[in-house]
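Coordinates in review
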Amino acid sequence: MSDKSHDPNQMTGAAMIVRALIDHGVQHIFGYPGGAVLPIYDEIFQQTEMQHILVRHEQGAGHAAEGYARSTGKPGVVLVTSGPGATNMVTPLADALMDSIPLVCITGQVPTHLIGNDAFQECDTVGITRPCTKHNWLVRNVNDLAKVLHEAFYVATSGRPGPVVVDVPKDVQFATGTYHPPRKSDVHVSYAPRVKGDAMQIRKAVALLASAKRPIIYSGGGVVNSGPEASKLLRELVEITGFPITSTLMGLGAYPASGKNWLGMLGMHGTYEANMAMHDCDVMLCVGARFDDRITGRTDAFSPGSKKIHIDIDPSSINKNIRVDIPIIGDCGDVLGDILQVFKAEAKKPDIKGWWSEIATWRARKSLAYKPNRDVIMPQYAIQRLFELTRGRDTYITTEVGQHQMWAAQFYGFEEPHRWMTSGGLGTMGYGLPAAIGVQVAHPDSLVIDIGGDASVQMTMQEMSTAVQFDLPVKIFILNNSYMGMVRQWQQLLHGNRLSHSYSEALPDFVKLAEAYGGVGLQVSKPADLDGAILEMISVKKPVLFDCRVAALENCFPMIPSGKAHNEMILPTEAADPAAFFASGKALV
Ligand SMILES: Cc1cc2nc3c(=O)[nH]c(=O)nc-3n(C[C@H](O)[C@H](O)[C@H](O)COP(=O)(O)OP(=O)(O)OC[C@H]3O[C@@H](n4cnc5c(N)ncnc54)[C@H](O)[C@@H]3O)c2cc1C
Ligand SMILES: Cc1ncc(C[n+]2csc(CCOP(=O)(O)OP(=O)(O)O)c2C)c(N)n1
């Protein structure tokens, strides 16, 4: 008989959790303790291979893990207690599900014999998180724990990435059982996402691309998810076909903003040329994007004359919002590689000079133009200066949600993937600061900037304290317009300018607030002082709150009002009285 007391694989559930994380290469974990996870925290205390980042609110842990994941391509890991710890994680889980971010979240649960008894800090974590996770588990037996944890990493990171929850009752954490390291049989037998695209579909797609007269490539977050190789292949495809390319908010950086075929972002706040080219194209190649409603506008008027090819790893994304002609299920990188191979062997670059001339006329409308102002900082100008002064540096940008987020997408030029972290699908105010913390943990020597709004940053401002505690010199660049600008803009355009509760009456003094946290505060209100202050912000090796006072009533254009078609955009030139313009129902073309 073997002596089990000396078996190194015999350990408590809590020890198994820490062992499994280390076996999966986890170096950082974001969390917040509580009674139901104390055995795990005790194990964390006794090891040195993995660093725990203590946040100030569990939502912060979740977004930090998202930033970490998006900027590294590795899963983000979170540890929270039962009850309120778990419910505070609901927002980041929903956020990660929408944006396809791999998260492994371990939650503590009350002991198994108390489940269902309304025990202290009990909640139905698997029930509550089921609709906002890719998968979740409640582990009732310590001998199932190792397999579930390994499976959790597999599910979170394979196919379309997403968040998973492993709920572990406290008695399971104390119990002793057998651990085994990750092995092939731990993968979910019924979940084997298809990576390689169908060869026949790829041939059909190449033939269609080669016959195009007015083609467009519409790329999205899936290209970023797939990894740097997919971006390389996308760039090569653009080069050999000569096609124009646009991207969603989530896909920025996969093709460089300085690239000659770049049309800018498409969609609700996309450029005129990108949206018009989407509307009038004859062949659309959608790579790792999901025809979100911010993209399509009115679906019955969406790109009416085009044949559509859709590459997506998730079969449920195909024909979900828009019917396509050639679906290709697979990983963007794999499929793009195969398309390139077939294109090079069997097709030649179509002549699309006429199409480029048409695009040039749309470009000439200068849809991102804004009125410069010598006395007041225009928010667009602030982003342009931030971009110019950080250009060439090793920079990562996160954002909050609102006008500032859209201006960041429009005016900050992303050259590489994984440099842009934003909450796209859920649109979660409060995402940017904790996400920046996660990015900075993963890239300690890089410049990490959260572009924020004065309302959004106050949702998770307490994470400034985390940044100070862990020496994470994140920069929070607030475009302070004293309004919930995006809400105010919609109220102005769609609700008769009745600005119901969108003005922040009592904003904190952000400079003093930064100092109170032990960081640095900077405030600027004159365009002439902006560059100097940005350079100072960059040089400070501490967390900085930068209060950039900008024009209060500036609107973000272009804008496709909700439910309108691509060719019904409001451009800045029509924006002198946008409400009247919108009310007139006039289309631009
Ligand atoms: C205030 C606000 C305004 C917005 N305005 C705009 C706007 O003007 N324009 C805009 O673009 N967005 C805008 N958004 C964002 C928008 O809501 C969506 O989040 C975004 O358009 C979705 O991007 P995506 O289609 O690239 O999808 P993602 O959510 O990134 O989904 C990626 C798709 O690729 C697939 N995929 C994932 N991994 C792979 C892989 N490895 N291989 C193949 N496929 C893969 C997934 O299954 C999914 O279908 C706005 C958001 C906010 C908050
Ligand atoms: C958690 C959450 N609550 C509400 C909203 C709705 N919302 C979208 S943008 C916005 C205003 C954001 O204001 P601010 O952060 O100041 O940015 P600005 O638009 O002024 O740049 C609101 C309230 C949201 N996206 N997220």
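So, here's what we can say about the structure. Predicted model, so just to flag it, every value in this text is computed and none were measured. (Residues numbered from 1 in each chain as written. Chains lettered and ligands numbered in written order. Predicted model: local features only at pLDDT ≥ 70, side-chain atom pairs only at ≥ 80, totals over all residues. Heavy atoms only, no water.)

**Some details on the overall build of the protein**
Helices and strands together make up the secondary structure of the protein, namely 23 helices and 20 strands. Here the protein has a C-alpha radius of gyration of 25 Å; the compact-globule value for 589 residues is 25 Å, and the two agree. Taking all 589 residues of the protein together, the buried fraction comes to 59%. In the protein, of all internal contacts separated by at least 6 residues, the share reaching a separation of at least 24 is 75%. Summing over all exposed atoms, the protein offers an accessible surface of approximately 23,000 Å²; the carbon and sulfur share of this is 53%. Across the protein, the 52 positively charged side chains and the 59 negatively charged ones have centroids separated by 7 Å. (Helix = DSSP H or I, 4+ residues; strand = E, 2+ residues; numbered from the N terminus. Rg over C-alpha atoms; globule rule 2.2 N^0.38 Å. Buried < 20%, exposed > 50% of the residue type's maximum accessible area, 1.4 Å probe, protein only. Contact = heavy atoms within 4.5 Å. Areas by Shrake-Rupley, 256 points an atom, 1.4 Å probe, with all protein chains shown as cover. Lys, Arg positive; Asp, Glu negative; His and termini not counted. Charge placed at Lys NZ, Arg CZ, Asp CG, Glu CD.)

**Some points on the environment of Ala533**
For Ala533, the position within the fold is in helix H22 (residues 527-539). Taking the C-alpha atoms as reference, Ala533 lies 9.5 Å from Cys548; in sequence the two are 15 residues apart. In this structure, Ala533 is in contact with Leu522, Val524 and Phe546, ignoring residues within four places of it in sequence.

**Observations regarding the packing of helix H16 (residues 379-390) against H22**
Two elements in contact, H16 and H22, have axes separated by 10 Å at closest approach and are oriented at 45 degrees. Between H16 and H22, the crossing angle belongs to the class labelled oblique. Viewed along their axes, H16 and H22 form a crossing whose handedness is right-handed. Residues Tyr381, Ala382, Arg385, Leu386, Leu389 and Thr390 of H16 form the contact with H22, whose participating residues are Pro527, Leu530, Asp531, Ile534, Leu535, Met537 and Ile538. Of the residues belonging to the contact of H16 with H22, the class tally is 10 nonpolar, one polar and two charged. (Axes fitted to C-alpha atoms, helices over the stretch in contact; angles between N-to-C directions. Parallel < 35°, antiparallel > 145°, perpendicular 65-115°, else oblique. Left-handed = near helix turned anticlockwise from the far one by under 90°. Nonpolar A, V, L, I, M, F, W, Y, C, P; charged D, E, K, R; others polar.)

**Remarks on the site of ligand 1**
Taken together, the neighbourhood of ligand 1 is formed by 37 residues, with Gly221, Thr248, His269, Asp312 and Asp331 sitting nearest. In this structure, a nitrogen atom belonging to ligand 1 sits 3.1 Å away from a main-chain N or O atom of Ile313. Take Cys332: an N or O atom from its main chain is 2.9 Å from a nitrogen atom of ligand 1. In isolation ligand 1 exposes 1,000 Å². Once the protein is present, 96% of that is buried. Among the elements of the structure, helix H10 (221-226), helix H13 (293-296) and helix H17 (403-411) are those that each provide at least two residues to the shell around ligand 1. (Near = heavy atom within 4 Å. Polar contact = N/O pair within 3.5 Å; in protein donor to acceptor, adjacent residues only side chain to side chain.)

**Some words on the sheet that holds strand E19 (residues 520-524)**
One open sheet holds the six strands; their spatial order is E16-E15-E17-E18-E20-E19, and the pairing between them is parallel. Bordering the open sheet on either side are strand E16 (420-421) and E19, each of which pairs with just one other strand. Bridge analysis of strand E17 (residues 447-453) against strand E18 (residues 475-480) gives five bridges, and the strand direction is parallel. In the strand pairing of E18, Ile449 is matched with Lys475. Running over the sheet, helix H21 (residues 510-517) touches E18, E19 and strand E20 (544-549) and is turned about 170 degrees from E19. (Pairing = 2+ DSSP bridges.)

**A short note on the site of ligand 2**
In the vicinity of ligand 2 lie 17 residues, with Gln403, His404, Gly427, Ser456 and Gly485 positioned nearest. Residue His404 places a side-chain N or O atom 2.8 Å away from an oxygen atom belonging to ligand 2. Here ligand 2, which alone exposes 590 Å², has 76% of that area covered by the protein. Secondary-structure elements contributing two or more residues to the shell around ligand 2 are H17 and helix H20 (485-494). Per element, the largest residue contribution to the shell around ligand 2 is three residues, and it comes from H20. Here the shell around ligand 2 is composed, by residue class, of eight nonpolar, eight polar and one charged.

**Describing the pattern of salt bridges**
Under the counting rule described, the total for this entry stands at 18 salt bridges. Between Asp314 and Arg160 there is a salt bridge, and its shortest N-O distance comes to 2.9 Å. Of the two residues, Asp314 sits in the loop between strand E13 (307-312) and strand E14 (326-329) while Arg160 sits in the loop between helix H7 (142-157) and strand E7 (163-169), which places them 154 residues apart along the sequence. Arg160 sits in the partly exposed class, given a relative accessible area of 23%. For Glu416, the salt bridge is made with Arg235, and the minimal N-O distance between the two is 3.9 Å. In this pair, Glu416 is assigned in the loop between H17 and E16 and Arg235 in helix H11 (residues 228-241), connecting sequence segments 181 residues apart. Through salt bridges that share partners, Arg298, Asp300 and Glu568 make up one connected network. (Salt bridge = Lys/Arg side-chain N within 4 Å of Asp/Glu carboxyl O.)

**Observations concerning the state of the cysteines**
By the definition in use, this model includes zero disulfides. Free of any disulfide, Cys281 has its nearest cysteine sulfur in Cys286, 11 Å distant. Overall, Cys281 belongs to the buried group, its relative accessible area being 1%. Here Cys548 is not cross-linked by a disulfide; its sulfur's nearest cysteine counterpart is in Cys556, at 16 Å. (Disulfide = S-S within 2.5 Å.)

**Comments concerning the nonpolar core**
Membership of the largest hydrophobic core comes to 96 residues, with the highest contact counts inside it found for Phe477 and Phe546. By residue number, the principal contributor to this core is helix H14 (residues 332-346), which donates seven residues. Contacts of Phe546, omitting those with residues within four sequence positions, involve Ile476, Phe477, Ile478, Leu522, Val524, Leu530, Ala533, Ile534 and Met537. Judged by nonpolar contacts, the second largest core, of 41 residues, contains Tyr396, Ala435, Ile478 and Ala514. (Core = buried A, V, L, I, M, F, W, Y, C linked by side-chain atoms within 4.5 Å.)

**Notes on empty space enclosed by the protein**
Regions of empty space are outlined by a rolling probe, equal in size to a water molecule, passed over the atoms. Inspection of the entire model under this criterion finds two cavities of 30 Å³ or more. Forming the boundary of the second largest cavity are Glu66, Arg70, Asp95, Asp99, Ile101, Met250, Trp420, Met421, Thr422 and Tyr431. The set of elements that each furnish at least two residues to the lining of the second largest cavity consists of helix H3 (58-72), helix H5 (90-99) and E16. Classifying every residue of the lining of the second largest cavity by side-chain character gives five nonpolar, one polar and four charged. (1 Å grid on protein atoms, 1.4 Å probe; cavity = no way out; pocket = protein on both sides within 12 Å on 5 of 7 lines; lining within 4 Å. Points joined across faces, edges and corners; volume = space filled by probe spheres on them.)

**Things to note about the sheet that holds strand E3 (residues 51-54)**
In spatial order, the strands read E3-E2-E4-E5-E7-E6; together these six strands make up an open sheet with parallel pairing. Either end of the sheet is taken by a strand with one partner, and the two such strands are E3 and strand E6 (135-138). When strand polarity is set aside, the average angle formed by the axes of neighbouring strands in this sheet is 20 degrees. Looking at chain direction, strand E4 (residues 76-80) and strand E5 (residues 103-109) are connected through five bridges and run parallel. Directly across from Val78, in E5, lies its bridge partner Cys105. The strands touched by H5 within the sheet are E5 and E7, with E7 carrying the most contacts at an inclination of about 145 degrees. In the packing of H7 onto the sheet, contacts are made with E4, E5, E6 and E7, and the angle to E7 comes to roughly 165 degrees.

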